[in-house]
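Now for the letters of each chain:
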Amino acid sequence: MHWWPVRARDHAGLATALRRAGCSRDNFGYWWKWFPDRVRPAAPEWILDGDMVVVDRPVWFDAWAAGADRVAQSPGAPLEHYGEYADECDPDRMFYSGLVSLPPGADFGAAMLDVLTRRPLRPGHDGRRNMSEQGVVAAAAAALGAVPIPLHEFPFAVAGHDTLTVGPAGPVGPVWGYHFGNAFRGPNEWFDCLTRDGTVFTPGSEPDRR
């Protein structure tokens, strides 16, 4: 695995849009997830938050990896988490920026810039506090015809909550990942529990699949 420093020039168009709104590089905050917007544009890619863990393959994985499936995105954020773009969010899908599944060749960065060109960020933007990034990502996904990932397939496992957040359909079908909410703020008992029962594997605990 190779690591490299993230730079503003890795997504120059987005950096320009942020700076035009008065957002300095030090305040890019949530937007840093999109620098670069893609690492391997010709390959299928998942772009996901650091508090998510994938534990299996979704049923649509092979079709998506072959380029036969569309953009998919996780739903579930409350309306106030979309900044000034909340009015552009489809209430029946409620996409959010936690996980975006892109087939080969999908230019998600261009879709985001289309939103920011049509409707620039409000002046004085601070990407550490303003949640406009989520609204822009949701609007871009909708423009690309994204398909929602059912919440019961990738539930929220939020620290301090007694139950998993699985959406209106309830706990149906196989789960292939978990979003460990509040994991950056302290211990997450869901992560500990799922690690103990072998659902989530930590370094050194991977099963022998030979």
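Trainee: Sorry if this is basic, but what is going on with the overall build of the protein here?
Mentor: On a plain count of helices and strands, the protein comes out with five helices and six strands. When its helices and strands are written in sequence order, the protein yields α-β-β-α-β-β-α-α-β-β-α. Rg of the C-alpha trace for the protein: 18 Å, near the compact-globule value of 17 Å for 210 residues, within the 12% margin. The C-alpha extent of the protein, read off along each of the three principal axes, is 50 × 40 × 35 Å.

Trainee: Sorry if this is basic, but what is going on with the packing of aromatic side chains here?
Mentor: For any pair of aromatic rings, geometry is given as the distance between the ring centres together with the angle between the planes. Throughout the structure, instances matching the rule amount to 14 aromatic pairs. A centroid spacing of 5.4 Å and a plane angle of 25° characterise the contact between Trp34 and Phe108, whose relative ring orientation is stacked. With a gap of 74 residues between them, Trp34 in the loop between helix 1 (12-20) and strand 1 (45-48) and Phe108 in helix 3 (residues 108-118) connect regions that are remote in the sequence. Each member of the pair, Trp34 together with Phe108, is buried. In this structure an aromatic cluster arises from ring pairing among Trp46, Trp60, Phe61, Trp64, Phe154 and Trp176.

Trainee: How should the environment of Ala66 be read in this particular structure?
Mentor: Its place among the elements puts Ala66 in the loop between helix 2 (61-65) and strand 3 (72-75). Sequence separation of Ala66 and Pro104 is 38 residues, and the distance between their C-alpha atoms is 7.8 Å.

Trainee: How should I be thinking about the nonpolar core in this particular structure?
Mentor: Counting 46 residues, the largest nonpolar core has Leu14, Leu18, Trp31, Trp34, Phe108 and Met112 as the members making the most contacts within it. Put simply, the parts of the chain that give this core at least two residues each are helix 1, strand 4 (95-102), helix 3 and helix 4 (132-143). For this core, the leading source of residues is helix 4, giving six residues. When near neighbours in sequence (up to four residues on either side) are disregarded, Trp31 contacts Leu14, Leu18, Met112, Leu121, His125, Gly127, Ser132, Glu133 and Val136.

Trainee: Would you take a moment to explain the pattern of salt bridges for this structure?
Mentor: Opposite charge on two side chains permits pairing when their charged atoms draw close. By the definition in use, this model includes nine salt bridges. Of the charged contacts in the structure, one is a salt bridge between Arg119 and Glu88, with a shortest N-O distance of 2.9 Å. Taken together, the residues Arg119 in the loop between helix 3 and helix 4 and Glu88 in the loop between strand 3 and strand 4 connect sequence positions 31 residues apart. Measuring nitrogen to oxygen at the nearest pair gives 2.8 Å for the salt bridge that ties Arg128 to Asp126. Owing to a relative accessible area of 46%, Arg128 belongs among the partly exposed residues under this scheme. Residue class for Asp126 comes out buried when judged on its relative accessible area of 6%. Beyond isolated ion pairs, a larger network of salt bridges with shared partners links Asp87, Glu88, Arg118 and Arg119.

Trainee: Which parts of the structure should I look at to understand the packing of helix 1 against helix 3?
Mentor: Direction vectors running N to C along helix 1 and helix 3 enclose 25°, while the axes themselves pass 10 Å from each other. On the basis of the axis angle, helix 1 is roughly parallel to helix 3. Crossing of helix 1 over helix 3 shows left-handed handedness. Residue-level inspection shows Gly13, Leu14 and Ala17 of helix 1 in contact with helix 3, the latter providing Met112, Leu113 and Leu116. For the contact of helix 1 with helix 3, the residue count by class is five nonpolar, one polar and no charged.

Trainee: What exactly am I supposed to notice about the side chain of Asp126 here?
Mentor: Tracing the sequence through the fold places Asp126 in the loop between helix 3 and helix 4. At 2.8 Å, the side chain of Asp126 forms a polar contact with the side chain of Arg128. Residues in contact with Asp126, not counting those within four places in the same chain, are Cys23 and Asn27.

Definitions and cut-offs
- Residues numbered from 1 in each chain as written.
- Predicted model: local features only at pLDDT ≥ 70, side-chain atom pairs only at ≥ 80, totals over all residues.
- Heavy atoms only, no water.
- Helix = DSSP H or I, 4+ residues; strand = E, 2+ residues; numbered from the N terminus.
- Rg over C-alpha atoms; globule rule 2.2 N^0.38 Å.
- Phe/Tyr/Trp six-rings, centres within 6.5 Å; stacked < 30°, edge-to-face > 60°.
- Buried < 20%, exposed > 50% of the residue type's maximum accessible area, 1.4 Å probe, protein only.
- Core = buried A, V, L, I, M, F, W, Y, C linked by side-chain atoms within 4.5 Å.
- Contact = heavy atoms within 4.5 Å.
- Salt bridge = Lys/Arg side-chain N within 4 Å of Asp/Glu carboxyl O.
- Axes fitted to C-alpha atoms, helices over the stretch in contact; angles between N-to-C directions.
- Parallel < 35°, antiparallel > 145°, perpendicular 65-115°, else oblique.
- Left-handed = near helix turned anticlockwise from the far one by under 90°.
- Nonpolar A, V, L, I, M, F, W, Y, C, P; charged D, E, K, R; others polar.
- Polar contact = N/O pair within 3.5 Å; in protein donor to acceptor, adjacent residues only side chain to side chain.

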